[in-house]
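Next come the chains, spelled out residue by residue.
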Amino acid sequence: MTDQEVLQAYINIVPFLATVCGPGSEIAIHDVADPEHSLVAIQNNVSNREIGNPLTDLAKDIIEKGAYTNADYLANYTGRNKNGEFLSSTYFIKNENRLIGLLCVNKDMNAVQNLNNAVSGLLEWFNLSKCEDTEYSESLDKPMPSLMREKIKEIIAESGIPPARMSIQEKVHIVHQMDSEGILKVKGSVAEIAAQLSVSVPTVYRYLNKKEP
């Protein structure tokens, strides 16, 4: 394929990429054979450039230093012009390993920065920006279920065997121990035991009905 045929194939997908990426993402194609008039296609024009505009200084630097020889693209670097800041990426268009063009994606960061500033201002307004260092912390869970979960976890840990490696008899013993300590009388305890032992709720009741040796 000729250089122009390869470039045209990329130019043809510019509208598709622009639609997929959204109006805040500019899609541009440069023909490096004409550095002073390199821009040959552009959609979602957030940089206010026109067809026939020249290569950027970064693009010229990439070509001069041969950065494209050992890479296929540069991704997520900062771009700027008088219209604001962009998150930019450049794909190197090659024909038989020769650089013939650049596919550039420039994401307009102005809206993101405005949102970030608004959120930061809101957090500061309500003094939510940062929690002060303190030795105190509080659980807002209901006290009994929280204590119950910790007690179940503690009993399982004391066995020294992870639930995934426990035998049925070992799980039966754990359930009987919890029953003897009155844990099963607490509302929601059976479901919590089942979750921590990785079994079903009916299985917990079956374990409870099994006699220990």
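Structure shown above.
Residues numbered from 1 in each chain as written. Predicted model: local features only at pLDDT ≥ 70, side-chain atom pairs only at ≥ 80, totals over all residues. Heavy atoms only, no water.

Asks: I'd love a proper account of the overall build of the protein, names of residues and values included.
Replies: On a plain count of helices and strands, the protein comes out with 8 helices and 5 strands. Tracing the protein from N to C terminus, the helices and strands come up as α-α-β-β-α-β-β-β-α-α-α-α-α. For the protein, whose C-alpha radius of gyration is 32 Å, the value lies well above the compact-globule estimate of 17 Å for 213 residues. Taken over the C-alpha atoms alone, the protein extends approximately 85 × 50 × 30 Å along its principal axes. Buried residues in the protein amount to 31% of all 213 residues. As presented, the protein carries roughly 14200 Å² of accessible surface, and 53% of it is formed by carbon and sulfur atoms. (Helix = DSSP H or I, 4+ residues; strand = E, 2+ residues; numbered from the N terminus. Rg over C-alpha atoms; globule rule 2.2 N^0.38 Å. Buried < 20%, exposed > 50% of the residue type's maximum accessible area, 1.4 Å probe, protein only. Areas by Shrake-Rupley, 256 points an atom, 1.4 Å probe, with all protein chains shown as cover.)

Asks: Now, about the side chain of Asn-106: what can you tell me, with residues and values included?
Replies: With respect to the helices and strands, the residue Asn-106 is situated in strand β5 (residues 98–108). Engagement of the side chain of Asn-106 in a polar contact is seen with the side chain of Ser-88, the distance being 2.7 Å. (Polar contact = N/O pair within 3.5 Å; in protein donor to acceptor, adjacent residues only side chain to side chain.)

Asks: Before we move on, can you summarise the sheet that holds β5 with the specific residues and values?
Replies: Across the sheet, which stays open at both edges, the 5 strands sit in the order β2-β1-β5-β4-β3 with antiparallel pairing between neighbours. Of all strands in the sheet, those with a lone pairing partner are β2 (39–43) and β3 (73–81), marking the two edges. Between one strand axis and the next, the sheet turns by 25 degrees as a mean value, whatever way the strands run. In terms of strand pairing, strand β4 (residues 84–95) meets β5 through 10 bridges, oriented antiparallel. Residue Thr-90 lies in a different strand from β5, and its bridge partner there is Cys-104. Helix α2 (residues 14–21) rests against β1 (25–31), β2 and β5 of the sheet, and its axis sits at about 155 degrees to β1. (Pairing = 2+ DSSP bridges. Axes fitted to C-alpha atoms, helices over the stretch in contact; angles between N-to-C directions. Contact = heavy atoms within 4.5 Å.)

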